[in-house]
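Overview (structure and organization)
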Amino acid sequence: MDWTHYRFRSLWPLPADRAAVYRALERVEDYPSWWPQVRAVSRLNDTTGVITIRSVLPYDMTFTAREARRDPAAGVLEIVMSGDIEGWSRWTITADGTGTLARYDQVVDVSKPLLRRLAVPGRPFFRANHRLMMWAGRRGLLGHLQAV
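Residues numbered from 1 in each chain as written. Predicted model: local features only at pLDDT ≥ 70, side-chain atom pairs only at ≥ 80, totals over all residues. Heavy atoms only, no water.

1. Here we look at the sheet that holds strand E5 (residues 76-83)
Spatial ordering of the open sheet is given by E1-E7-E6-E5-E4-E3-E2, a layout of seven strands whose pairing is antiparallel. What marks the edges here is a single partner per strand, and that holds for strand E1 (5-14) and strand E2 (38-43). Pairwise comparison of adjacent strand axes, ignoring direction, gives a mean angle of 20° for this sheet. In this sheet, strand E4 (residues 61-71) lies alongside strand E3 (residues 48-53) in antiparallel orientation, the contact comprising six bridges. Following the sheet pairing, isoleucine 53 is matched in E4 by methionine 61. Packing against the sheet, helix H4 (residues 119-147) makes contact with E1, E2, E3, strand E6 (85-96) and strand E7 (99-110), and its axis sits at approximately 25° to E1. (Pairing = 2+ DSSP bridges. Helix = DSSP H or I, 4+ residues; strand = E, 2+ residues; numbered from the N terminus. Axes fitted to C-alpha atoms, helices over the stretch in contact; angles between N-to-C directions. Contact = heavy atoms within 4.5 Å.)

Here you go:
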C-alpha cells in the first residue's frame, strides 16, 4: 500500500439551485471568504492558480491548480494539482429533489516532505483532517448561498 496516496469522496446535499451552487464552486478565488480552511487563492491566469489550505492540523499545503474541465451543462468542475499534493479533484453538481447534490472526488499523492515522513502514523489524522475541512466547507457554502 502506498501510504501517501489518498482517495476522497464527499457528498454535500444543499438546499439551493443547481446553477447557484455551480456558480459558487466555479469561483475559486472566493473560497477563502466562505471556506475557512482555504487560506489563499492567487490566480496566475484564466485557468491556473495557486491555492493554500490548512485545516485543524498545524500545516499548510500549497499547490498549483490547473483547470482540466469546466462544463456547466454537465455540472462538472475538475482540476489537476501539483505541489504539496499531486493529482486531481472534481466537483459534480446535480439536481437532487428540490435542492442540489455537490459531489467532490479527489485522488492525490502527498509530496510534502513532512507529510510523507509521517505517512504511516499520521494517515488516520490526515483523513480526519480532510473530513473536518470538507464539513466546514459545506457549512461555509450553505451560509454563502443564503447570503447571495
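2. Examining the nonpolar core
By size, the foremost hydrophobic cluster in this structure holds 35 residues, and its most contacted members are Leu25, Trp35 and Trp91. At six residues, the largest contribution of residues to this core is made by H4. The contacts of tryptophan 35, once residues within four sequence positions are left out, are Trp12, Trp91, Met133, Met134, Ala136 and Gly137. (Core = buried A, V, L, I, M, F, W, Y, C linked by side-chain atoms within 4.5 Å. Buried < 20%, exposed > 50% of the residue type's maximum accessible area, 1.4 Å probe, protein only.)

3. Some thoughts on the pairing of E2
Bridge count for E2 against E3 is five bridges, and the pairing is antiparallel. When the bridges of E3 are listed, valine 41 appears paired with isoleucine 51. A loop of four residues connects E2 with E3, the two strands running antiparallel in sequence.

4. Side note on empty space enclosed by the protein
Per the stated rule, a full pass over the model turns up one cavity of 30 Å³ or more. Approximately 760 Å³ is the volume found for the largest cavity. Residue lining of the largest cavity: 47 residues in total, with Phe63, Ile79, Met81, Tyr104 and Gln106 positioned closest to the centre. The element contributing the most residues to the lining of the largest cavity is E4, with seven residues. Here the lining of the largest cavity is composed, by residue class, of 27 nonpolar, eight polar and 12 charged. (1 Å grid on protein atoms, 1.4 Å probe; cavity = no way out; pocket = protein on both sides within 12 Å on 5 of 7 lines; lining within 4 Å. Points joined across faces, edges and corners; volume = space filled by probe spheres on them. Nonpolar A, V, L, I, M, F, W, Y, C, P; charged D, E, K, R; others polar.)

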